[in-house]
Protein chains: 2
Amino acid sequence: MPKEDAPEFVDTITIKDIAKALNLSTSTVSRALRDSYEINPETKRLVLDYAEKMHYRPNPIALSLKENRSQAIGVIVPEIANTYFSQAINGIEAAAYERGYHVVIFQSQESYEREVEKVEHLAARRVDGVLMSLSSHTFDIDHLKTLQDRGMPLVFFDRIPTSIETHKVVADNFGGAYRATLHLLESGRRRIAHITSQPGLSITKERLSGYLAALKEYNIDHDEQLVKFCTYTQEEVEANLDALFSLAAPPDGFMTASDRLALGYYGGLKKRHIRIPEDVAFVGFSNLNVAELLNPPMSSVVQPAFQMGHTAAGLLLDLIEKKEKFPEYRIERLSTELFIRESSCPNKH
Amino acid sequence: MPKEDAPEFVDTITIKDIAKALNLSTSTVSRALRDSYEINPETKRLVLDYAEKMHYRPNPIALSLKENRSQAIGVIVPEIANTYFSQAINGIEAAAYERGYHVVIFQSQESYEREVEKVEHLAARRVDGVLMSLSSHTFDIDHLKTLQDRGMPLVFFDRIPTSIETHKVVADNFGGAYRATLHLLESGRRRIAHITSQPGLSITKERLSGYLAALKEYNIDHDEQLVKFCTYTQEEVEANLDALFSLAAPPDGFMTASDRLALGYYGGLKKRHIRIPEDVAFVGFSNLNVAELLNPPMSSVVQPAFQMGHTAAGLLLDLIEKKEKFPEYRIERLSTELFIRESSCPNKH
DNA sequence: AACGTTATCGGGAACGTTCCCGATTCAGCG
DNA sequence: CGCTGAATCGGGAACGTTCCCGATAACGTT
């Protein structure tokens, strides 16, 4: 629907204006600006000086139209207001910046519909590639398959799908969960609850496996009542805590996935006056920079978020610039680190 | 530097392809797609069906080139990995989304040079408007003045400049600081340190005024040794704490601005085993969602970050769409809220 | 029968840039 | 002296879309 409002007259100068002013052709100006060898040095100077004086800036939109690329990569994350993702985005931005690309950030808000929508948008905007971390409600990934089939370079990080062939960057979720659980077991806990995200997500499965592997090491059977798959509402936190603590054998340890869940349950436990670490030991899977300042300081498995974003973006840019003839898709697994703090220490005194 | 690599063949269909396939002209197809009255309903159906079948999506880049606008607004914030800003961005995204705009996010990383660079980029990319929060090292704002002079709609939020006339959205920094300081005074503290950001920033000045106004209420003179202007390094935290606690009369209360500073000094105090609130009472100026889980729970002045982003984006879009003939620039001041928690309570027992 | 209307469509310019083809000049060569 | 070939520049198409201006036919009106 065309509006009748006049276009903004951001007094921007074009190559055509320069040509007219200097009595040259647009081709000559264009070549002078790109420092082509077939332009007289004097003419070059003339053009360059005038362009400088008039603050000429090439129009990237015209470029995009011509070259069919935008020098921009799209990023879709579940939410920005999450320590892990904002750190990862920092890494992405750094990598993109180093190689002359822009970053366009979208949020799926953990919603499948929003995600599909954002993917459509990015495709329409002709970004040169897409970096994704799946929403927790995404079970069907046809939208991403067709995106890739259409030739769009695609790289996943953190929350990756299993059924798409491309580069993927993940943290060592298995190892992190394994060591965290083992740590709880070593400190004498035997009823360890695992609070995690949607069962469909890759990270959920890997962390669950790590958790189970540690239990097996201690010959402890998998009690399904101790594993809670969560969305992110507060009511759910309460309901799950109710369920857990009305068990005949309530949990004496918590191993939670993600920043959000860790905080939600940390708060939930404190509200119920369940003491940490006396009553239950607690390890989060989190990138919070305030873990140490919490009450008590929270043990947690930390992912190399910045690094993950950086590598993911690097891989995507390689794909875009076809550094490799036959992209042998690989999966980068970056190691996690377990920080042990008071929340999981054996009772003091 | 043109590369010889073949352009991606994202098999995307254009209006020209449809025209060729249906033996029509591009004009007809274009009009059919826009549901023009002067196109035969049958032809319309034909075109629409074919377009649907072939997944036709208009090329926004071509549109941008023609209309000289991008349906996108640019946002420049000091950093994304900051609770306040990521919340504000959420608000911006929501408002933009409601009105059919995209959001392109850039970080200045608290650096003046980066900020100038990002502003240049946004101008070159022909965003339809810019939303800004100044970096802490930005003292000269000529880059923004010329941006505005060139006709780019511009709205500031949070960290606003004084010498540019446009819409601005801020929190009630004065009121927040005033109430926070008053609260500390009421609980008996008399040597209240104020830790704040760079003196050049608007928010710094306003919060300082609030702090001073509260002191005046209690007839307490302004002791400049108690006010620390900070950048954000850890060494600085230590140095400032050293200075403060080697005073003849060390502080018995802290009123800090920003998430970063609050956390830095909270941690610094704890590391020195200075007890909160016994030795010093503490109030932060922060949007941390974990304030309650800290040790001890941290009192803080909370800004309506989401709301601020939302209104700022709304004002910008009004400006872009020229809803108002003569934009009477105004400054929206949203109220802050003081949450009192244990960190500033009078000694218990 | 000549003309105005209406409905329906096509041609082509324009947005800013690059690039393929030429076109012109002029020095130097045989 | 005519030809080759650098050196230097211009014309115009193309990217995908919209829109102004016509063009054509089939009508209905006097």
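If you're wondering where the values come from, they're calculated on a predicted model, not measured in any experiment.

## A few points about helix 12 (residues 305-320) of chain B
- Here helix 12 of chain B is 16 residues long and its end C-alpha atoms lie 22 Å apart, about the 22 Å a rise of 1.5 Å per residue gives.
- Buried positions along helix 12 of chain B lie against strand 1 (72-77), helix 5 (83-98), strand 3 (129-132), strand 4 (154-157), strand 5 (167-171) and strand 11 (331-334) of chain B.

## Quick notes on the protein's contact with DNA strand C
- Taken together, 27 residues surround DNA strand C, and among them Ile-15, Ser-30, Arg-34 and Tyr-56 of chain A together with Thr-28 of chain B come closest.
- When the atoms of DNA strand C within 4 Å of the protein are sorted by group, sugar and phosphate make up 61%.
- Within the side chain of Lys-16 of chain A, one N or O atom sits 3.3 Å away from a phosphate oxygen of DNA strand C.
- Here a base nitrogen of DNA strand C and a side-chain polar atom of Glu-38 of chain B are 3.1 Å apart.

## Some points on the interface of chain B and chain A
- Contacts between the two partners involve 54 residues from chain B and, on the opposite side, 54 residues from chain A.
- Interface area for chain B against chain A, summed over the two sides, is near 5,500 Å², with a carbon-plus-sulfur share of 52%.
- It is Arg-125, Arg-150 and Leu-293 of chain B in chain B that bury the most area against chain A; as a group they hold 13% of the surface buried on that side.
- At the surface where chain B touches chain A, the tally comes to two salt bridges.
- A salt bridge links Glu-120 of chain A to Arg-57 of chain B; the shortest N-O distance between them is 3.2 Å.
- At the boundary of chain B with chain A, the tally comes to 10 residue pairs in polar contact (both at pLDDT 80 or more).
- Mapped by element, the contributors of at least two residues to the side of chain B that touches chain A are helix 4 (60-67), helix 5, strand 2 (102-107), helix 6 (112-124) and helix 11 (259-271) of chain B.

## A look at the pattern of salt bridges
- Using the criterion set out here, one finds 32 salt bridges over all chains in the structure.
- Across the pair Asp-242 of chain B and Arg-272 of chain B runs a salt bridge, and its minimum N-O distance is 2.9 Å. With Asp-242 of chain B in helix 10 (residues 234-245) and Arg-272 of chain B in the loop between helix 11 and strand 9 (281-285), the pair connects residues that are 30 residues apart, well separated along the chain.
- Taken together, the shared-partner salt bridges connect Glu-238, Asp-242, Lys-271 and Arg-272 of chain A into one network.

## Points about the relation of the copies chain B and chain A
- The operation relating chain B to chain A is a screw motion whose rotation component is 180°, with 0.0 Å of axial translation and a residual RMSD of 0.1 Å. Look at the turn and shift together and you get a two-fold axis relating the two.
- Looking at chain B, 100% of its interface residues are interface residues in chain A too, so the copies touch through the same face.

## Let's talk about the sheet that holds strand 7 (residues 227-229) of chain A
Residue and element names in this part refer to chain A.
- Across the sheet, which stays open at both edges, the six strands sit in the order 7-6-8-9-10-12 with mixed pairing between neighbours. Whereas interior strands pair on both sides, the edge strands pair on one side only; in this sheet they are strand 7 and strand 12 (337-339). Direction aside, the axes of adjacent strands within the sheet are offset by 15° on average.
- Where strand 10 (residues 299-302) and strand 12 come together, three bridges link them in antiparallel fashion. Note on strand 12: the bridge partner recorded for Val-302 is Glu-337.
- Strand contacts of helix 10 (residues 234-245): strand 6 (192-196), strand 7 and strand 8 (253-256), with the helix running at about 165° to strand 7, the strand carrying the most contacts.
- The strands that helix 11 (residues 259-271) touches are strand 6, strand 8 and strand 9 (281-285); relative to strand 9, the one it contacts most, it runs at about 155°.

## A word on the protein's contact with DNA strand D
- Surveying the vicinity of DNA strand D reveals 27 residues, the closest of which are Thr-28 and Thr-43 of chain A together with Ile-15, Arg-34 and Tyr-56 of chain B.
- Among atoms of DNA strand D positioned within 4 Å of the protein, sugar and phosphate together represent 60%.
- Note that a phosphate oxygen of DNA strand D is positioned 2.6 Å from one of the side-chain N or O atoms of Tyr-56 of chain B.
- Elements that contribute at least two residues to the surface near DNA strand D include exactly helix 2 (26-33) and helix 4 (60-67) of chain A together with helix 1 (15-22), helix 2 (26-33) and helix 4 of chain B.
- Residues of the surface near DNA strand D, tallied by class, amount to nine nonpolar, 10 polar and eight charged.

## Digging into the domain arrangement of chain A
- Domain annotation for chain A reports domain 1 (15-58), domain 2 (71-170 + 305-334) and domain 3 (173-303 + 338-344).
- One C-alpha centre belongs to domain 1 of chain A, the other to domain 2 of chain A; they are set 38 Å apart.

## What about the sheet that holds strand 6 (residues 192-196) of chain B?
All names here are of chain B.
- Spatially, the six strands line up as an open sheet ordered 7-6-8-9-10-12, and their pairing is mixed. Only two strands of the sheet have a single partner each, and these edge strands are strand 7 (227-229) and strand 12 (337-339). Put simply, the sheet's adjacent strands are angled 15° from each other on average, direction ignored.
- As paired elements, strand 6 and strand 7 share three bridges and run parallel to each other. Residue pairing across strands places His-194 opposite Val-227, the latter belonging to strand 7.
- Contacts from helix 8 (residues 173-186) reach strand 6, strand 8 (253-256), strand 9, strand 10 (299-302) and strand 12, with the element oriented near 170° to strand 9.
- Across the sheet, helix 11 touches strand 6, strand 8 and strand 9, and the angle it forms with strand 9 is around 155°.

## So, the side chain of Asn-82 of chain A
Residues and elements named next belong to chain A.
- In this fold, Asn-82 is placed in the loop between strand 1 (72-77) and helix 5 (83-98).
- Residue classification places Asn-82 among the buried positions, given a relative accessible area of 12%.
- Within the structure, Asn-82 has its side chain in polar contact with the backbone nitrogen of Tyr-84 (distance 2.9 Å).
- Beyond its immediate chain neighbours, meaning those up to four positions away, Asn-82 contacts Asp-259 and Arg-260.

## A closer look at helix 4 of chain A
- The N-cap residue of helix 4 of chain A is Asn-59 of chain A: its side-chain oxygen and the backbone nitrogen of Ile-61 of chain A are 2.7 Å apart.
- Looking one or two places after helix 4 of chain A, you find Asn-68 of chain A, whose phi comes out positive at around 60°.

## Digging into the environment of Tyr-97 of chain B
- Topologically, Tyr-97 of chain B is positioned in helix 5.
- When neighbours within four sequence positions are excluded, Tyr-97 of chain B is seen to be in contact with Arg-114, Glu-117 and Lys-118 of chain A.

## Remarks on the packing of aromatic side chains
- Counted according to the given criterion, the structure contains 12 aromatic pairs over all chains.
- Judged by centre distance (6.1 Å) and plane angle (5°), the ring pair of Phe-174 of chain A and Tyr-178 of chain A falls under stacked. Residue Phe-174 of chain A and its partner Tyr-178 of chain A are both found in helix 8 (residues 173-186); the two are separated by four residues, about one turn of the helix.
- According to the relative accessible area criterion, Phe-174 of chain A is partly exposed, its value standing at 36%.
- Centre to centre, the rings of Tyr-266 of chain B and Phe-282 of chain B are 4.7 Å apart; their planes meet at 70°, and the pair counts as edge-to-face. Residue Tyr-266 of chain B is located in helix 11, and its partner Phe-282 of chain B is located in strand 9; the two are separated by 16 residues in the primary sequence. Per residue, the accessibility class of Tyr-266 of chain B equals that of Phe-282 of chain B, and both read buried.
- Three or more aromatic residues joined by ring pairs make a cluster, and in this case those are Phe-245, Phe-254, Tyr-266 and Phe-282 of chain A.
- Seen from the ring of Phe-285 of chain A, Arg-207 of chain A lies directly overhead, with NZ or CZ sitting 3.9 Å from the centre.

What counts, and where the lines are drawn
- Residues numbered from 1 in each chain as written.
- Chains lettered and ligands numbered in written order.
- Predicted model: local features only at pLDDT ≥ 70, side-chain atom pairs only at ≥ 80, totals over all residues.
- Heavy atoms only, no water.
- Helix = DSSP H or I, 4+ residues; strand = E, 2+ residues; numbered from the N terminus.
- Expected span 1.5 Å × (residues − 1).
- Contact = heavy atoms within 4.5 Å.
- Near = heavy atom within 4 Å.
- Polar contact = N/O pair within 3.5 Å; in protein donor to acceptor, adjacent residues only side chain to side chain.
- Buried area = accessible area lost by both parts, 1.4 Å probe.
- Salt bridge = Lys/Arg side-chain N within 4 Å of Asp/Glu carboxyl O.
- Least-squares fit on C-alpha atoms with pLDDT ≥ 70 in both.
- Pairing = 2+ DSSP bridges.
- Axes fitted to C-alpha atoms, helices over the stretch in contact; angles between N-to-C directions.
- Nonpolar A, V, L, I, M, F, W, Y, C, P; charged D, E, K, R; others polar.
- Domains from an automatic or database assignment.
- Buried < 20%, exposed > 50% of the residue type's maximum accessible area, 1.4 Å probe, protein only.
- Phe/Tyr/Trp six-rings, centres within 6.5 Å; stacked < 30°, edge-to-face > 60°.
- Lys NZ or Arg CZ within 6 Å of the ring centre and 35° of its normal.

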